[in-house]
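Residue-level structural notes
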Amino acid sequence: MENVVVVGAGLAGLQTVVALRQQGYAGRLTLLGAEPHPPYDRPPLSKDVLAGKVEDTTLEADWAALDVTLQLGCRATGLCPGHVETEAGPVPYDGLVIATGADPVRLPGPGSVLRTIEDARALRQVLRPGRRVVVVGAGWLGAEVATTAAGAGCAVTVVEALDTPLAGVLPAEVGRHFTPWYAAAGVELLLGESVAAVEPGAVRLATGVELPADHVVVGIGVRPATGWLAGSGVPLDARGAVVTDEYLRAGLPGVYAVGDCVTWPSRRYGVRMHVEHWDNALHAPAVAAANLLGDEVRYDPVPYFWSEQFGRMVQYAGHHPAGDRLVWRGDPAGETWAACWLSGDRLVAILTVDRPRDLAQARRILDRDALVDADRLADPDLPLKAAAR
Ligand SMILES: Cc1cc2nc3c(=O)[nH]c(=O)nc-3n(C[C@H](O)[C@H](O)[C@H](O)COP(=O)(O)OP(=O)(O)OC[C@H]3O[C@@H](n4cnc5c(N)ncnc54)[C@H](O)[C@@H]3O)c2cc1C
């Protein structure tokens, strides 16, 4: 292997070039990115950048030591055996890592999305006291934008088509406990309401009701940014995610994929996983790099993510669909609590609200696939690790 190209200069792309060098790869290395910026961090975009506390989230990298050709502002447009088609012409490779992440789903009309640093800076300008902001979608991103917009003094309404916040990712019995947080922050939350159209100055609901809006933010999810792979032979699923094997091999010789754009088969959970969170983009690259360099390392993490919303730190680890029993740890109407999912006596997932120590201890239990005592787990006054058998 003498010429590795990494397509997508986000967190997963950067981690891939770092891992390749750390693991001894000494050949040519190119990092190709559509955005004009070197890799930067996205989680602060909906938090400190939007709140005006941070201007720049560029990720640290010693580019000279990495000896990487950074080709920024250059989009990959296609993939042929042995070369990537780009806006600037073909780029040959003998090893390729796909790390093109995801693009936000948009609605027709004047609503904005939040994925890039430019999106965050532009949105920050419109979050002024008294402005009427409508956020479409009460998912992770919608909740964070609503938090920041309300904090900036905007009059915020969140419209969600389903019956609880986070309904796409959490069961209603857990998601419903997020509902009161909106009202407490002065945010109006409309559940079970579909948006028919985003129009200049208003959001029209399916019921015909018009919500006046000075600005609309659409937070209804993302889709893998893999359109450029159409017809390449790299397998894509119905959502467009790159379908890899458990070694993150992407169907063609010497081609791997990492980060938000990937679905991989988890031996741990017995299902295909598709995780659009930071921790996955951080850790998958070391596995792909090792395998590209001839190793055989399986990728089978316990997923982890966090969200900061309405003054709370929400953290999640594991994969709750693998569970058959929900155990509450603390009162979900209270300030701090956790929802724990068990399969038999095995902890398979946990969601914590302002209980970071629980999360850290649970991650160790999840990693070890250890059995737990449900009664001890349910006692919030005992350290969570005391529930491990
Ligand atoms: C506002 C926001 C807040 C978030 N907050 C959290 C959080 O609190 N906790 C958490 O766990 N996760 C959070 N995330 C998710 C996390 O940031 C992502 O999971 C992570 O950025 C994924 O990294 P990635 O490198 O796979 O993809 P990306 O970060 O999307 O990077 C992919 C890069 O590839 C480029 N690209 C795309 N197509 C092409 C092409 N054809 N040619 C060349 N380049 C291309 C893109 O422009 C982009 O720069 C947040 C995301 C956003 C947007």
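What counts as what
- Residues numbered from 1 in each chain as written.
- Predicted model: local features only at pLDDT ≥ 70, side-chain atom pairs only at ≥ 80, totals over all residues.
- Heavy atoms only, no water.
- Near = heavy atom within 4 Å.
- Polar contact = N/O pair within 3.5 Å; in protein donor to acceptor, adjacent residues only side chain to side chain.
- Helix = DSSP H or I, 4+ residues; strand = E, 2+ residues; numbered from the N terminus.
- Nonpolar A, V, L, I, M, F, W, Y, C, P; charged D, E, K, R; others polar.
- Salt bridge = Lys/Arg side-chain N within 4 Å of Asp/Glu carboxyl O.
- Buried < 20%, exposed > 50% of the residue type's maximum accessible area, 1.4 Å probe, protein only.
- Phe/Tyr/Trp six-rings, centres within 6.5 Å; stacked < 30°, edge-to-face > 60°.
- Lys NZ or Arg CZ within 6 Å of the ring centre and 35° of its normal.
- Domains from an automatic or database assignment.
- Contact = heavy atoms within 4.5 Å.
- Buried area = accessible area lost by both parts, 1.4 Å probe.

1. Concerning the site of the ligand
Looking at the ligand, there are 34 residues lining it, with Glu35, Arg42, Lys47, Arg115 and Asp260 nearest. Contact between the ligand and Ala76: a nitrogen atom at 2.8 Å from a main-chain N or O atom of the residue. Secondary structure elements with two or more residues in the shell around the ligand: helix 1 (11–22), helix 4 (140–151), helix 7 (278–292) and strand 21 (304–309). Looking at side-chain class alone, the shell around the ligand contains 18 nonpolar, 8 polar and 8 charged residues.

2. Side note on the pattern of salt bridges
Inspection of the entire model under this criterion finds 19 salt bridges. Of the charged contacts in the structure, one is a salt bridge between Arg298 and Glu246, with a shortest N-O distance of 3.2 Å. Separated by 52 residues along the polypeptide, Arg298 in the loop between helix 7 and strand 21 and Glu246 in the loop between strand 17 (242–243) and strand 18 (255–257) bring together distant segments of the chain. Take Arg298: its relative accessible area is 37%, and that puts it in the partly exposed class. Between Asp358 and Arg355 there is a salt bridge, with the nearest N and O atoms lying 2.5 Å from each other. This pair shows no difference in class: Asp358 is buried, exactly as Arg355 is.

3. Focus on the packing of aromatic side chains
Applying the stated rule across the entire model yields 10 aromatic pairs. Where Tyr304 meets Trp306, the ring centres are 6.4 Å apart and the plane angle is 20°; that geometry is what we call stacked. An angle of 55° between the planes, with centres 6.2 Å apart, marks the rings of Tyr316 and Trp341 as tilted. With Tyr316 in strand 22 (residues 312–318) and Trp341 in strand 24 (residues 337–343), this pair connects stretches of sequence that are 25 residues apart. When sorted by exposure, Tyr316 lands in the same class as Trp341, which is buried. Taken together, the aromatic side chains of Trp140, Phe305, Tyr316 and Trp341 make up a single cluster linked through ring pairs. The ring of Trp181 carries Arg312 above its face, with NZ or CZ at 4.3 Å from the centroid.

4. Points about the environment of Pro108
Mapping Pro108 onto the fold places it in the loop between strand 8 (102–104) and helix 3 (117–126). A relative accessible area of 69% means that Pro108 is categorised as exposed. Through-space distance from the C-alpha of Pro108 to that of Ala26 is 47 Å; in sequence the pair is 82 residues apart.

5. So, the domain arrangement of the chain
As far as domains go, the chain holds domain 1 (3–103 + 222–292), domain 2 (117–218) and domain 3 (311–387). The partner domain 3 presents 7 residues to the 5 residues of domain 1 that form the contact. Approximately 400 Å² of surface area, both sides summed, lies buried where domain 1 meets domain 3, with 50% of it carried by carbon and sulfur atoms. On the surface where domain 1 and domain 3 come into contact, there are 1 salt bridge. A salt bridge links Arg363 to Asp279; its shortest N-O distance comes to 3.5 Å. In this assembly, domain 1 and domain 3 are joined by 2 residue pairs in polar contact (both at pLDDT 80 or more). By residue class, the composition of the side of domain 1 that touches domain 3 is 3 nonpolar, no polar and 2 charged.

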